[in-house]
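# Fold and contact review
Single-letter residue listing:
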Amino acid sequence: MSKKPFLTLDAAKEIIAEYPTPFHIYDEKGIRDNVKALVDAFSWNKGYREYFAVKATPNPFLIKILNEYGCGCDCSSETELMLSKALGITGESIMFSSNDTPIKEYKLCNDLGGIINLDDITNIEAVEKACGTLPKKMSCRYNPGGKFILTNGIMDNPGDAKYGMTKPQIIEAYKILKSKGVEEFGLHAFLASNTVTNDYYPQLAKVLFELAVEIKNETGIALSFINLSGGIGVPYRPEETPNDIAVIGEGVHKVFDEVLVPNGLGDVSIYTELGRFMMAPYGALVTTAINEKHTHKEYIGVDACAVNLMRPAMYGAYHHITVLGKENEPETETYDITGSLCENNDKFAIDRKLPKIEMGDILYIHDAGAHGFSMGYNYNGKLKSAEILYKEDGTAELIRRAETPKDYFATFDCFDIYQKLIEE
Ligand SMILES: *Cc1c(COP(=O)(O)O)cnc(C)c1O
């Protein structure tokens, strides 16, 4: 499959006239169509709910769109909880799936009425301390250890992951929570990341549903919800086949009917905590080619850098690149596409086949809508870019301004040097 930008060169130029590159842009129509399809795929389950993983794209305007379709917020830090609160997304619309959690964050979550998803049995005391008494409804995070191998060969290593409890621990945790007055319970696990297969959720569901039956038999607890968490991936590479959320929903439905229903657990609500799947394909990093260099390799330097999109630098992630207006030109060149950081891993692409790039060409970096802007940092004193919403009516709305040097220096504002730093 070829990857098509949601923005034409003309549309991009119009936006750039107002908001200079680099910027992140999000496709409202794509976001809406996708969340509708997700909610539809799980409509067979009465209590179904998606809790958007805020860390993927912590922008209030985008989260508000998802909230129109019933999505809550999956938070794991103080500021994510604050963002959720400010949007009026509180109570059981908050899932707090944190780990290594500072005690005051449990308190904030509890004050907002959110559901605490316990990462470890040793955290029970902290939650008690933070909340006075334990909340009436709580969740526990499971980690089966070993390797999680999907039937199609995709593998992840829960045994190396810092999250969640072992089976004996989680059973013990439920017993303790019950004895301390907790009345409603959930179960959560996240066993593989960015899975581009329709099999992941059904296979994870089977593991969790069977565990739910065991929990019922051993503790008498009938779970209220099972949270399949994140992990549904997107096709970053053009040769990959996108997941079909309708097939995934049906796959989970089948396991639900096979495992939960016959064991008297047919009322369990299914929750998801997707991040990447909700946003990645519907966001792009738009950047301009500003330098070329012909040494031992052919380089194109752009005005964005790893500060705007860290995934390639951090773990060699592939992001497809389209040179806008040259969609149909032959890929005659082989380039490294670089940012300006004084770090050699600041490359959006290495040895990438692309059409010939002229200075001033606009590059569209695909699938930057999740874990893109949000992973940003300020190395080399680089500033974070703006975020723009490309609306259904074809207009563009600024939904976060770009940082200025004043933002970068803001944490010196209590020192004498501050005025000098921000002088024009
Ligand atoms: C990161 C994360 C998610 C979202 O993961 P995606 O791969 O973006 O879907 C969901 N839940 C938890 C607890 C996470 O840490």
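Quick note: structure is the one above.
This text gives an overview of the structure that appears in the document. This is a predicted model, so every value here is computed, not measured. (Residues numbered from 1 in each chain as written. Predicted model: local features only at pLDDT ≥ 70, side-chain atom pairs only at ≥ 80, totals over all residues. Heavy atoms only, no water.)

### Focus: the overall build of the protein chain
Scanning the protein chain from N- to C-terminus turns up 13 helices and 19 strands. What you see for the protein chain is a C-alpha radius of gyration of 23 Å, in line with the 22 Å of a compact globule of 424 residues. Seen through its C-alpha atoms, the protein chain measures out along the principal axes to roughly 70 × 55 × 45 Å. The buried share among the 424 residues of the protein chain stands at 53%. Across the protein chain, the fraction of contacts at a sequence separation of at least 24, relative to all contacts at a separation of at least 6, is 69%. (Helix = DSSP H or I, 4+ residues; strand = E, 2+ residues; numbered from the N terminus. Rg over C-alpha atoms; globule rule 2.2 N^0.38 Å. Buried < 20%, exposed > 50% of the residue type's maximum accessible area, 1.4 Å probe, protein only. Contact = heavy atoms within 4.5 Å.)

### Quick notes on the site of the ligand
Close to the ligand lie 14 residues, the nearest being Lys 55, Glu 273, Gly 275, Arg 276 and His 371. In the model, an oxygen atom of the ligand is placed 2.6 Å from a nitrogen or oxygen of the Lys 55 side chain. Side-chain polar atom of Ser 229 to a nitrogen atom of the ligand: 3.3 Å apart, as the coordinates give it. Expressed as a share of its isolated accessible area of 390 Å², the protein-covered part of the ligand is 91%. In this structure the site holding the ligand corresponds to the largest pocket. (Near = heavy atom within 4 Å. Polar contact = N/O pair within 3.5 Å; in protein donor to acceptor, adjacent residues only side chain to side chain. Areas by Shrake-Rupley, 256 points an atom, 1.4 Å probe, with all protein chains shown as cover. 1 Å grid on protein atoms, 1.4 Å probe; cavity = no way out; pocket = protein on both sides within 12 Å on 5 of 7 lines; lining within 4 Å. Sits in = over half its atoms within 2 Å of the grid points.)

### Some remarks on the pattern of salt bridges
Across all of its chains, the model carries 20 salt bridges by this definition. The salt bridge involving Asp 361 is made with Lys 326; its shortest N-O contact spans 2.6 Å. On the criterion of sequence distance, the pair formed by Asp 361 in the loop between β16 (347–354) and β17 (362–365) and Lys 326 in the loop between β14 (321–323) and β15 (333–338) is long-range, its members being 35 residues apart. You'll find Asp 361 and Lys 326 in the same group, each marked buried. Glu 387 is the salt-bridge partner of Arg 400, the closest N and O atoms lying 2.8 Å from each other. Remark: Glu 387 occurs in strand β18 (residues 386–390) and Arg 400 occurs in strand β19 (residues 396–400); sequence separation between them is 13 residues. Through salt bridges with shared partners, a single network forms among Glu 28, Arg 32, Glu 68 and Glu 392. (Salt bridge = Lys/Arg side-chain N within 4 Å of Asp/Glu carboxyl O.)

### A closer look at the packing of aromatic side chains
Applying the stated rule across the entire model yields 15 aromatic pairs. Centroid distance Phe 42 to Tyr 48: 4.7 Å. Interplanar angle 15 degrees. Geometry classified as stacked. Tyr 48 shares its class with Phe 42; the two are buried. Ring centres 5.2 Å apart and planes at 65 degrees place the aromatic pair Trp 44 and Phe 256 in the edge-to-face group. Here Trp 44 is found in the loop between α2 (28–41) and β2 (49–53), whereas its partner Phe 256 is found in helix α9 (residues 245–260), with 212 residues between them in sequence. Here the aromatic residues Phe 42, Trp 44, Tyr 48, Phe 148, Tyr 200, Tyr 201, Phe 209 and Phe 256 are joined through ring pairs into a cluster of three or more. (Phe/Tyr/Trp six-rings, centres within 6.5 Å; stacked < 30°, edge-to-face > 60°.)

### Side note on the nonpolar core
Within the largest apolar cluster, 87 residues are counted, with the highest numbers of intra-cluster contacts made by Phe 42, Leu 187, Tyr 201, Phe 209 and Ile 226. The biggest single contributor to this core is helix α8 (residues 200–219), with ten residues. Ranked by size, the runner-up nonpolar core spans 17 residues in total, among them Leu 285, Ile 300, Tyr 335 and Ala 368. (Core = buried A, V, L, I, M, F, W, Y, C linked by side-chain atoms within 4.5 Å.)

### Some points on helix α1 (residues 9–18)
Considered for burial, the residues of α1 that qualify are Ala 11, Ala 12 and Ile 15. When α1 is viewed along its axis, its buried side chains cluster within an angular range of 100 degrees and face the same direction. Looking at α1, the residues exposed on the side facing more than 90 degrees away from the buried face are Asp 10, Lys 13, Glu 14 and Ala 17. Lining the buried residues of α1 we find β1 (23–27), β18 and β19. (Arc of directions from axis to C-beta.)

### Notes on the packing of α8 against α9
Between α8 and α9, the least distance of the axes is 9 Å, while the angle of their chain directions is 20 degrees. As far as their axial angle goes, α9 and α8 are roughly parallel. Of the two elements, α8 crosses α9, and the hand of that crossing is right-handed. Only Ile 248, Gly 251, Val 252, Val 255, Phe 256, Val 259 and Leu 260 of α9 make contact with α8, whose side of the interface consists of Tyr 201, Pro 202, Ala 205, Lys 206, Phe 209, Glu 210, Ala 212 and Val 213. Here the contact of α8 with α9 is composed, by residue class, of twelve nonpolar, one polar and two charged. (Axes fitted to C-alpha atoms, helices over the stretch in contact; angles between N-to-C directions. Parallel < 35°, antiparallel > 145°, perpendicular 65-115°, else oblique. Left-handed = near helix turned anticlockwise from the far one by under 90°. Nonpolar A, V, L, I, M, F, W, Y, C, P; charged D, E, K, R; others polar.)

### Some words on the pairing of strand β9 (residues 184–188)
In terms of burial, β9 is a largely internal element, four of the five residues being buried. As paired elements, strand β6 (residues 137–141) and β9 share five bridges and run parallel to each other. The residue bridging Ser 139 from the neighbouring strand is Gly 186, located in β9. As paired elements, β9 and strand β10 (residues 225–227) share three bridges and run parallel to each other. Note on β10: the bridge partner recorded for His 188 is Asn 227. Running through α8, the crossover from β9 to the neighbouring parallel element β10 is right-handed. (Pairing = 2+ DSSP bridges. Right-handed = clockwise from strand over helix to strand, strands pointing away.)

### Looking at the side chain of Ser 84
Mapped onto the elements, Ser 84 comes out in helix α4 (residues 78–86). For Ser 84, a relative accessible area of 0% translates into the label buried.

### A closer look at helix α3 (residues 60–67)
All of the buried residues along α3 are Leu 62, Ile 63, Ile 65 and Leu 66. Each buried residue of α3 sits inside an arc of 150 degrees when the element is viewed along its axis, so together they form one side. Of the residues flanking the start of α3, the one acting as N-cap is Asn 59, its side-chain oxygen 2.9 Å from the backbone nitrogen of Phe 61.

### Remarks on a nonpolar patch on the surface
Taken together, the side chains of Phe 412, Phe 415 and Ile 417 make up a nonpolar region of the molecular surface, amounting to roughly 290 Å² of accessible area. Summarising the element assignment, Ile 417 is placed in helix α13 (residues 417–422). (Patch = residues over 30% accessible without salt bridge, like charges linked within 9 Å, V, L, I, M, F, W, Y side chains within 5 Å.)

Interpretation note: all reported values are geometric properties and have no functional meaning in isolation.
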